[in-house]
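Summary of structural features
Here is what each chain is made of, one letter per residue.
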Amino acid sequence: CELDRTSVQSDVRFVILGRKIRKILRILMNEKQKEFLAQSGINLTDGLAYFSENERLYEKYLFRFLEEPTFPELFKAIEEDRREDARRAAHSLKGITATLGFTSLHTPLKAQEFEFKNGRWEEGNQYTDELKKEYARIIEVLQAAKTLAN
């Protein structure tokens, strides 16, 4: 069975066009959302870099942060003086916030986790109020950004 050259070329063009269309459809965040997030202190450049520039995947995890239970767990562990649980939660959140580009949360978490890891509980606790305020702000930003969806 011999292949028809023009038929193969048409099929190849169709496949290439399909890939381009899928790539366009994968870009989920609109420009308003991106601008709002960037103006609100979310480092989209770093966040997207962690996700190999895959906006679809980044957006999925960015908005999934709204249901992330680790921050409430951190604050509860601190209140209850469960030091190892607090250190583990801070460590987990340090990675999550860096990955999503939440620099304003990542910096104090990194410091808090460092203090907890080195047995300096009181020094680490000094970051708790700042973290609570910034966490609440980030949640508000993400909720507002969600309303700007297409």
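An account of the accompanying structure is given in this report.

1. Some points on the overall build of the protein chain
Along its length, the protein chain carries 9 helices and 0 strands. In sequence order, the protein chain lays out its α and β elements as α-α-α-α-α-α-α-α-α. For the protein chain, with 150 residues in total, the buried portion stands at 36%. Put simply, of all contacts in the protein chain between residues at least 6 apart along the chain, 65% involve residues at least 24 apart. Of the accessible surface of the protein chain, which amounts to about 9700 Å², a share of 53% is contributed by carbon and sulfur atoms.

2. Examining the packing of helix α6 (residues 83–100) against helix α7 (residues 103–117)
For the pair α6 and α7, interaxial distance at closest approach is 9 Å and the crossing angle is 150 degrees. Judged by the inter-axis angle, α6 sits roughly antiparallel to α7. For the element pair α6 and α7, the recorded crossing hand is left-handed. For the pair α6 and α7, contact is made by A86, R87, A90, H91, L93, K94, T97 and A98 and by L105, H106, L109, K110, Q112, E113, F116 and K117, respectively. For the contact of α6 with α7, the residue count by class is 7 nonpolar, 4 polar and 5 charged.

3. Describing unusual backbone geometry
One non-glycine residue, E53, lies in positive phi territory at about 65 degrees. For E53, the position within the fold is in the loop between α3 (44–50) and α4 (55–64). A positive phi angle, near 60 degrees, is found at D81, a position not held by glycine. Position of D81 relative to the elements: it lies in the loop between α5 (70–79) and α6.

4. Concerning the packing of aromatic side chains
As enumerated under the stated definition, the model contains 9 aromatic pairs in all. Ring centres of F65 and Y135 lie 6.1 Å apart, and the angle between their planes is 70 degrees; this geometry places the pair in the edge-to-face category. On the criterion of sequence distance, the pair formed by F65 in the loop between α4 and α5 and Y135 in helix α9 (residues 128–147) is long-range, its members being 70 residues apart. For Y135, a relative accessible area of 15% puts it in the buried group. Three or more aromatic residues joined by ring pairs form one cluster here, namely F65, F71, F75, F102 and Y135. Against the face of F75 rests K132, its NZ or CZ located 5.5 Å from the ring centre.

Reading guide: rules and limits
Residues numbered from 1 in each chain as written. Predicted model: local features only at pLDDT ≥ 70, side-chain atom pairs only at ≥ 80, totals over all residues. Heavy atoms only, no water. Helix = DSSP H or I, 4+ residues; strand = E, 2+ residues; numbered from the N terminus. Buried < 20%, exposed > 50% of the residue type's maximum accessible area, 1.4 Å probe, protein only. Contact = heavy atoms within 4.5 Å. Areas by Shrake-Rupley, 256 points an atom, 1.4 Å probe, with all protein chains shown as cover. Axes fitted to C-alpha atoms, helices over the stretch in contact; angles between N-to-C directions. Parallel < 35°, antiparallel > 145°, perpendicular 65-115°, else oblique. Left-handed = near helix turned anticlockwise from the far one by under 90°. Nonpolar A, V, L, I, M, F, W, Y, C, P; charged D, E, K, R; others polar. Phe/Tyr/Trp six-rings, centres within 6.5 Å; stacked < 30°, edge-to-face > 60°. Lys NZ or Arg CZ within 6 Å of the ring centre and 35° of its normal.

None of the figures reported here should be taken as evidence of function without further support.
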